[in-house]
Amino acid sequence: MDSQGQTTSLQRLQNVEKRIVKVLELAGGVMDELASPLGPRKDVVQNHCLEFMQLIKDIQVALRDEIKSACEYRPFEKCDYGSRIANEICYKKVELIMSQLDAMKQTIDDYHAAV
């Protein structure tokens, strides 16, 4: 991911953080309104609750998008390290088998020469 993509992602997450702060402020406002000695004002509570729910929805959408974009980013997707290592291991195994076959052939040749 390039630095521009990281910056915009961080900015989007910072905006989510600001929305969360606003949600907490709204919740506090409703708590204050409910605790009011004059009783809660229905319109204020209703407006706070509507804004609260809209912000929660916006936060969920933003976080879902960020998680999805993070999952789509796979820095090692095109890396061939695993296959290269597997090939090197196979190469070493073939070398070992060839040396053992050469040793067996030498032993057979030595046997035939002795007989």
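Data block above holds the structure.
Just so we're clear, the structure is a prediction, and the values are computed from it rather than from any experiment.

## Some details on the overall build of the protein chain
- Each helix and strand in the protein chain was counted, giving 3 helices and 0 strands.
- Starting at the N terminus and ending at the C terminus, the protein chain contains elements arranged as α-α-α.
- Here the protein chain holds 115 residues, and the buried ones make up 12% of them.
- Accessible area for the protein chain stands at about 9700 Å²; split by element, carbon and sulfur atoms hold 61% of it.

## A word on the environment of Lys18
- Examined against the element boundaries, Lys18 turns out to sit in helix α1 (residues 3–34).
- Spatially, the C-alpha atom of Lys18 lies 9.8 Å from that of Ile59, the residues being 41 residues apart in sequence.

## Remarks on a nonpolar patch on the surface
- Taken together, the side chains of Leu10, Leu13, Leu63 and Ile67 present a nonpolar region at the surface, about 360 Å² in accessible area.
- Listing elements by their share of the nonpolar patch, those giving two or more residues are α1 and α2 (42–72).

## What about the nonpolar core?
- With 6 residues, the main nonpolar core is built from Val16, Val23, Leu26, Leu55, Ile59 and Ala62.
- Going through the elements one at a time, α1 and α2 are the ones with two or more residues in this core.

## Quick notes on the pattern of salt bridges
- Evaluated as defined, the whole model comprises 5 salt bridges.
- Between Lys22 and Glu51 there is a salt bridge, with the nearest N and O atoms lying 4.0 Å from each other. Of the two residues, Lys22 is situated in helix α1 and Glu51 in helix α2; the sequence distance between them amounts to 29 residues.
- Here Arg41 makes a salt bridge to Glu33, at a shortest N to O gap of 2.9 Å.

Cut-offs applied
- Residues numbered from 1 in each chain as written.
- Predicted model: local features only at pLDDT ≥ 70, side-chain atom pairs only at ≥ 80, totals over all residues.
- Heavy atoms only, no water.
- Helix = DSSP H or I, 4+ residues; strand = E, 2+ residues; numbered from the N terminus.
- Buried < 20%, exposed > 50% of the residue type's maximum accessible area, 1.4 Å probe, protein only.
- Areas by Shrake-Rupley, 256 points an atom, 1.4 Å probe, with all protein chains shown as cover.
- Patch = residues over 30% accessible without salt bridge, like charges linked within 9 Å, V, L, I, M, F, W, Y side chains within 5 Å.
- Salt bridge = Lys/Arg side-chain N within 4 Å of Asp/Glu carboxyl O.
- Core = buried A, V, L, I, M, F, W, Y, C linked by side-chain atoms within 4.5 Å.

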